[in-house]
Amino acid sequence: GAVVSQHPSRVICKSGTSVKIECRSLDFQATTMFWYRQFPKQSLMLMATSNEGSKATYEQGVEKDKFLINHASLTLSTLTVTSAHPEDSSFYICSARPGQAYNEKLFFGSGTQLSVL
Amino acid sequence: DAKTTQPPSMDCAEGRAANLPCNHSTISGNEYVYWYRQIHSQGPQYIIHGLKNNETNEMASLIITEDRKSSTLILPHATLRDTAVYYCIVRDRIYNQGGKLIFGQGTELSVKP
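Described in the following lines is the structure provided in the data block. (Residues numbered from 1 in each chain as written. Chains lettered and ligands numbered in written order. Predicted model: local features only at pLDDT ≥ 70, side-chain atom pairs only at ≥ 80, totals over all residues. Heavy atoms only, no water.)

1. Thoughts on the state of the cysteines
According to the stated counting rule, one finds two disulfides over all chains in the structure shown. Between the sulfur of Cys23(A) and that of Cys94(A) lies a disulfide, 2.0 Å long from S to S. Since a negative S-S torsion denotes a left-handed disulfide, the Cys23(A)-Cys94(A) link at about 80 degrees is right-handed. Of this pair, Cys23(A) sits in strand E3 (residues 19-25) while Cys94(A) sits in strand E9 (residues 90-98), placing them 71 residues apart in sequence. Across the disulfide, Cys22(B) is cross-linked to Cys88(B) (sulfur-sulfur distance 2.1 Å). Across the disulfide from Cys22(B) to Cys88(B), rotation about the S-S bond amounts to roughly -80 degrees, and the bridge is consequently left-handed. (Disulfide = S-S within 2.5 Å. Helix = DSSP H or I, 4+ residues; strand = E, 2+ residues; numbered from the N terminus.)

Shown next as structure tokens:
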């Protein structure tokens, strides 16, 4: 199946710094990628939809100035958590949709555990 | 997209079939049923999906009732590695805002030796 690579798998940072997470589709082109976050013992919460060459669409309640998304190529989307604070500590997961059809199944990265001290 | 209801947890003996139910009573004719699972601290893994016919692949079988208001995911011979949270998701095949998946709470399946 299609492979989505996410990097780094784990990051620890100080409060106030920014952290960038990369999501790459390794063997397919992804016009659309999605970013999720997950707190312990909870389900995945969709944060935003990332479209190549255009601005991301954020879900209600997600601060677009805090979670910057860039999808500059068909194989790479990045999520930057700006001025991170301890409450931003979470498991961040990306997913990508191969093909143009909206009913294509999504493939997920292995996730990034962010810990903000 | 229609809402789904799953039991929060289930146990299954190793080697036996695991039957995971999902209720989606408000499903519309254009909505597919997808199943994903998430092993602890990993990204979700696609299992199977279907519209109205039963489906089978190398991982599992999906049984959808005739009225499409519920479905069952069947893992025929569960192993310890199948211990995970299983998510049943309903998604419109056309009007799904770019194909996004909205996750519910899922069922935590524990396979025991």
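2. Some words on the packing of aromatic side chains
Applying the stated criterion to the full structure yields ten aromatic pairs over all chains. Considering the side-chain rings of Phe108(A) and Tyr36(B), the 5.5 Å spacing of their centres and the 80 degrees angle between planes classify their relative orientation as edge-to-face. One end of the pair, Phe108(A), is in strand E10 (residues 107-108); the other, Tyr36(B), is in strand E3 (residues 31-38), on a second chain. The residues Phe108(A) and Tyr36(B) share a single accessibility class, namely buried. Through successive ring pairs, a cluster of aromatic residues spans Tyr36(A), Phe108(A), Tyr36(B), Tyr46(B), Tyr87(B) and Phe103(B). Sitting over the ring of Tyr46(B), Lys105(A) keeps its end group 4.8 Å from the ring centre. (Phe/Tyr/Trp six-rings, centres within 6.5 Å; stacked < 30°, edge-to-face > 60°. Buried < 20%, exposed > 50% of the residue type's maximum accessible area, 1.4 Å probe, protein only. Lys NZ or Arg CZ within 6 Å of the ring centre and 35° of its normal.)

3. Remarks on the sheet that holds strand E6 (residues 61-64) of chain B
Residue and element names in this part refer to chain B. The four strands lie next to each other as E2-E7-E6-E5, forming an open sheet whose pairing is antiparallel. Bordering the open sheet on either side are strand E2 (18-23) and strand E5 (55-56), each of which pairs with just one other strand. For E5 and E6, the ladder comprises two bridges, and the chain directions are antiparallel. Pairing of Thr-56 across the sheet is with Ser-61, part of E6. (Pairing = 2+ DSSP bridges.)

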